[in-house]
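# Analysis of the macromolecular model
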Amino acid sequence: MNKFIVTAGAALAVVVAAAIGTASVRADEAIHPVKTDGLKPLGTTWAKVNPYRGNKLAIKIGADAFNQNCARCHGLEAISGGIAPDLRFLPEGAEGDEWFAYRVQNGSVRDGRVYMPKMYPTLSQETLWAIRSWLDTVRQDN
Ligand code: HEC
């Protein structure tokens, strides 16, 4: 085999690997359950406002849970690369809580296409409010 073909083949393999990498940002990828030991249990009735706001342990758990379950679409540190909304700009307080809770429970499906999978109940209410608590710490004003 001539050297050029070998090199071209290797380059193609890199391109294919990159394409597979991109394809891994997919709605149906596994959601990873998170341990929330130490946080007050919340059960299955959703709170109206974040019960953990400002809670240090919740913020720590939430940072981790975000990296594992949200960052692939919403970006590391919640800085969006454009595939999904930038969650640093969610409204503060109860207004943002309500929208956040709605979205994580329902996901986003339009015309049968899953833009965002439902996060609940694979992720518990505790985990999701922990993520919201962490998001508060990186919040930006519009
Ligand atoms: C597969 C990609 C994907 C994953 C994973 C994902 N999201 Fe989303 N999310 C989206 C998309 C796309 C939208 C916009 C949906 C729309 O506008 O219909 C969105 C919207 C949202 C919104 C509403 C934002 C707004 O400005 O309206 C919230 C809140 C949200 N996601 C939270 C989360 C959280 C928390 C996680 C992790 C537990 C998560 N998402 C995981 C793709 C994703």
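The coordinates are above.
Definitions and cut-offs
The numbers attached to residues start from 1 for each chain and follow its sequence in the written order. Per-residue local features are limited, in this predicted model, to residues with pLDDT of at least 70; the limit for side-chain atom pairs, both in listing and counting, is 80 or more; totals at the level of whole chains, interfaces and linings are taken over all residues. Computation of side-chain values: all heavy atoms of the structure, hydrogens and water removed. The rule for donors is simple: an N, O or S atom within 2.8 Å of the metal counts, and for Na, K and Ca the reach is 3.2 Å. Water is not among the atoms, so a site may look short of donors. Angle rules define the geometry names used: all angles between 85 and 135 degrees makes four donors tetrahedral, while opposite donors over 155 degrees apart and all other angles between 65 and 115 make four donors square planar and six octahedral, leaving every other case irregular. Secondary structure elements follow DSSP: runs of H or I of four or more residues count as helices, runs of E of two or more count as strands, with numbering from the N terminus. The buried label goes to any residue with under 20% of its type's maximum accessible area, the exposed label to any with over 50%, and the partly exposed label to all in between, with areas taken from a 1.4 Å probe on protein chains only. Neighbouring residues are identified by heavy atoms, a residue being near a molecule or strand if any of them is within 4 Å of it. What qualifies as a polar contact is a pair of N or O atoms within 3.5 Å, subject to a donor-acceptor requirement within protein and to the restriction that residues adjacent in sequence count only when both atoms come from side chains. Here the nonpolar group is Ala, Val, Leu, Ile, Met, Phe, Trp, Tyr, Cys and Pro; Asp, Glu, Lys and Arg are the charged ones; every other residue, Gly included, is treated as polar. Residues are treated as being in contact if the distance between any of their heavy atoms lies within 4.5 Å.

## What about the coordination of the iron atom of the ligand?
- Bound to the iron atom of the ligand are the protein donor atoms His74 (NE2) and Met116 (SD), situated 2.0 to 2.1 Å from the metal.
- Each of the 6 donor atoms bound to the iron atom of the ligand contributes to angles spanning 85 to 179°, and the resulting shape is octahedral. Of this pair, His74 sits in helix α3 (residues 71–74) while Met116 is found in strand β2 (residues 113–116), placing the two residues 42 residues apart along the sequence. Comparing His74 with Met116 shows no difference in burial state: the two are buried.

## Some points on the site of the ligand
- In the vicinity of the ligand there are 23 residues, among which Cys70, Cys73, His74, Arg110 and Met116 approach most closely.
- One of the side-chain nitrogen or oxygen atoms of Trp99 is found 2.7 Å away from an oxygen atom of the ligand.
- Ser108 is positioned such that a nitrogen or oxygen atom in its side chain is 2.6 Å from an oxygen atom of the ligand.
- Where the shell around the ligand is concerned, the elements lending two or more residues are α3, α4 (93–106), β1 (108–110) and β2.
- Per element, the largest residue contribution to the shell around the ligand is 4 residues, and it comes from α4.
- Here the shell around the ligand is composed, by residue class, of 16 nonpolar, 3 polar and 4 charged.

## A closer look at the side chain of Thr36
- Residue position: Thr36 is located in the loop between α1 (3–23) and α2 (56–69).
- Setting aside anything within four residues of it in sequence, one finds Thr36 in contact with Ile61, Ser124, Glu126 and Thr127.

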